[in-house]
Amino acid sequence: MDNPFINPELHNFIEEFTTHTGKSLESFAENPFVKNIHKVFGFRWLAAIIGEVDKEAVHNSVNELKSQYPHETPQQLVQRIIQQKSLDAAKLGFFTNLIPPFALALFGIEFSGMTRLQAEMVYQIAAVHNFDLQHPSRRGEALAIFGLSLGSGGLRSGLNFFDIVPGLGAVIGMSSNAIVLYSLGLTAHQFYQFKTLNQT
């Protein structure tokens, strides 16, 4: 798979964008109103979009993975993360679309869960590549990777007709969610891989 970040000019633009955006998102996240609104049901996806993830839990999970597989390369560790998050997304898609009449009602839960899984995965992949999770740039990078994934059709953001067809909804929800996470994970890995090479 070709690395979309191989162009140095594009990389420099993304670096500048993620740095400034990350700082803006950090200020936005510190706003008392935002701190409260993303705790309200229906707005929990906002926390993930602005990079409000449990960074300590992410750090601990990556350290545990590294100690469990001490001889694996970053690419192999990232593959494990992508597979696990894709499986989690598939389960979410299956259960929220299992009963077609409730698919629409559960869409908010699915969307919130998907954005959380995506944000956690991006941060985990950044941690595998030894980037500081507390740095504001991580917020901007997560948002940029969401955008890159969206540009390649990698973000499932709405229901379609087949989601409410009995028997098909759960299967389609499961498979499409898994594909979204897998695509996003590969994009994040390529991004941090190229970022690492440019720092050496």
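Placed above this text is the structure.
Residues numbered from 1 in each chain as written. Predicted model: local features only at pLDDT ≥ 70, side-chain atom pairs only at ≥ 80, totals over all residues. Heavy atoms only, no water.

**Things to note about the nonpolar core**
Note that soluble globular proteins tend to have their nonpolar side chains buried in a common cluster.
Next, step 1: In this structure, Met121, Val122, Ile125, Ile145, Leu181 and Tyr192 are the most contacted members of the largest nonpolar core, which totals 32 residues.
Next, step 2: Elements with a minimum of two residues in this core: α4 (55-68), α5 (74-96), α7 (107-128), α8 (137-151) and α9 (169-199).
Next, step 3: Considering each element in turn, this core owes the most residues, 10 residues, to α7.
Next, step 4: Discounting residues that sit within four places of it in the chain, Tyr192 has contacts with Val122, Ile125, Ala126, His129, Phe131, Arg138, Glu141 and Ile145. (Core = buried A, V, L, I, M, F, W, Y, C linked by side-chain atoms within 4.5 Å. Buried < 20%, exposed > 50% of the residue type's maximum accessible area, 1.4 Å probe, protein only. Helix = DSSP H or I, 4+ residues; strand = E, 2+ residues; numbered from the N terminus. Contact = heavy atoms within 4.5 Å.)

**Comments concerning the pattern of salt bridges**
Next, step 1: Taken as a whole and judged by the stated rule, the model has five salt bridges.
Next, step 2: Across the salt bridge formed by Arg80 and Glu72, the nearest N and O atoms sit 2.8 Å from each other.
Next, step 3: The exposure class of Glu72 is partly exposed, given its relative accessible area of 22%.
Next, step 4: Between Lys85 and Glu120 there is a salt bridge whose closest N-O contact spans 2.8 Å. Highlighted residues: Lys85 in helix α5 and Glu120 in helix α7, separated in sequence by 35 residues. (Salt bridge = Lys/Arg side-chain N within 4 Å of Asp/Glu carboxyl O.)

**A closer look at α4**
Next, step 1: The terminal C-alpha atoms of α4 lie 20 Å apart, and with 14 residues this matches the ideal 20 Å at 1.5 Å per residue to within 8%.
Next, step 2: If you check which residues of α4 are buried, you get Lys55, Val58, Val62 and Leu65. Buried residues of α4, seen end-on, are gathered within an arc of 90° and therefore sit on one face of the element. Every exposed residue of α4 that faces more than 90 degrees away from the buried side is listed here: Glu56, Glu64 and Ser67. (Expected span 1.5 Å × (residues − 1). Arc of directions from axis to C-beta.)

**Thoughts on the environment of Arg138**
Next, step 1: Mapped onto the secondary structure, Arg138 falls in helix α8.
Next, step 2: Each C-alpha atom, one on Arg138 and one on Thr21, is 9.6 Å from the other, the two residues being 117 residues apart in sequence.
Next, step 3: In contact with Arg138, not counting residues within four places along its chain, are Tyr123, Ala126, Phe131, Asp132, Leu133, Tyr192 and Lys195.
Next, step 4: A polar contact is formed between the side chain of Arg138 and the side chain of Glu141, at a distance of 2.7 Å. (Polar contact = N/O pair within 3.5 Å; in protein donor to acceptor, adjacent residues only side chain to side chain.)

**Re the environment of Gly140**
Next, step 1: With respect to the element layout, Gly140 can be found in helix α8.
Next, step 2: By relative accessible area, which is 0% here, Gly140 ends up buried.
Next, step 3: Spatially, the C-alpha atoms of Gly140 and Glu26 are 9.2 Å apart, while their sequence positions differ by 114 residues.
Next, step 4: What Gly140 contacts, discounting residues up to four positions off in sequence, is Phe17, Thr18, Thr21, Gly22 and Leu25.

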